[in-house]
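# Structural description and commentary
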Amino acid sequence: MDTSDLRDFQSQPQRRAILDERARALATLSVADTSVDGELTIRFRLGDGRYALSARHAREIQPLRAFSPLFGAPSFISGLVNVHGRLLALIDIRPLLNLPAHPPLPGSFLIVLEGEGNEIALLTDSILGMTTDPLSLSPAPDGATHTPVLWVRGVDRDLSLVIDPIGLLADPRLIVEYHAGA
């Protein structure tokens, strides 16, 4: 499928709605519903923390080359990044987990997530790898996020905090409205 076919396909709201519905249905599968081989999981680091998320909604992973800071934006928005001609919000999930924000470090990576009609670039300090290990989750300890976060699925056997990408994209805190002063 070339770029023009992809643009044509994406411009058809009925097909897009069908795919979005399928993605929502797949995102609601419980951990027990994963295949014997497990699901493809991206593992990454933010500060001292280890995190993991399903690769199902990750469009790509790439080094963070440049970004434009947005002054006055919430602390979890590090700025804007250009990904193949599209401007995406560069999101640092640490403040959403009640951890201190940190500016992107040299050598940082971004994971482009898409789903629910939204697309973001998730900031990571480093990519640890990808695995297909079966997920076996324990509940996240109360101190892991300081407050309940619906898109935190639990902790895996590698002690990584497992994130639900669709839940993250649906977090109402990511909807930022700008109102110019009169």
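Residues numbered from 1 in each chain as written. Predicted model: local features only at pLDDT ≥ 70, side-chain atom pairs only at ≥ 80, totals over all residues. Heavy atoms only, no water.

We now examine the pairing of strand S6 (residues 109-115). Across the 7 residues of S6, 5 count as buried, placing the element largely inside the fold. Bridge analysis of strand S3 (residues 58-63) against S6 gives 5 bridges, and the strand direction is antiparallel. Across the sheet, the residue bridging to Glu60 is Val112, located in S6. Two strands pair when backbone bridges link them, and S6 and strand S7 (residues 118-124) are joined in this way by 7 bridges, in the antiparallel orientation. Its bridge partner lying in S7, Leu113 is registered against Ile120. Between the antiparallel neighbours S6 and S7 lie 2 residues, among them Glu116 with a positive phi of about 55°. (Buried < 20%, exposed > 50% of the residue type's maximum accessible area, 1.4 Å probe, protein only. Helix = DSSP H or I, 4+ residues; strand = E, 2+ residues; numbered from the N terminus. Pairing = 2+ DSSP bridges.)

This next bit is on the sheet that holds strand S8 (residues 126-131). Spatially, the 5 strands line up as an open sheet ordered S8-S1-S2-S10-S9, and their pairing is mixed. With one partner strand each, in any of the chains shown, S8 and strand S9 (152-155) form the two edges of the open sheet. Averaged over neighbouring strand pairs, the angle between their axes works out to 25° when direction is ignored. By the bridge criterion, 5 bridges tie strand S1 (residues 41-46) to S8 in an arrangement that is antiparallel. Bridging from a neighbouring strand, Phe44 pairs with Ile127 of S8. (Axes fitted to C-alpha atoms, helices over the stretch in contact; angles between N-to-C directions.)

With that out of the way, let us pick up the nonpolar core. Counting residues in hydrophobic clusters, the biggest one holds 27 residues, and the most contacted among them are Ile93, Leu113, Trp151 and Leu168. Of all elements in the fold, only S1, strand S2 (49-54), S6, S7, S9, strand S10 (161-163) and helix H4 (165-169) reach the threshold of two or more residues within this core. If we ignore the near neighbours within four places in the chain, the residues touching Trp151 are Ile93, Leu96, Leu97, Val162, Ile163, Asp164, Gly167, Leu168, Asp171 and Arg173. If you look at the next biggest cluster of nonpolar residues, it comprises 9 residues, including Val81, Leu110, Val112 and Leu123. (Core = buried A, V, L, I, M, F, W, Y, C linked by side-chain atoms within 4.5 Å. Contact = heavy atoms within 4.5 Å.)

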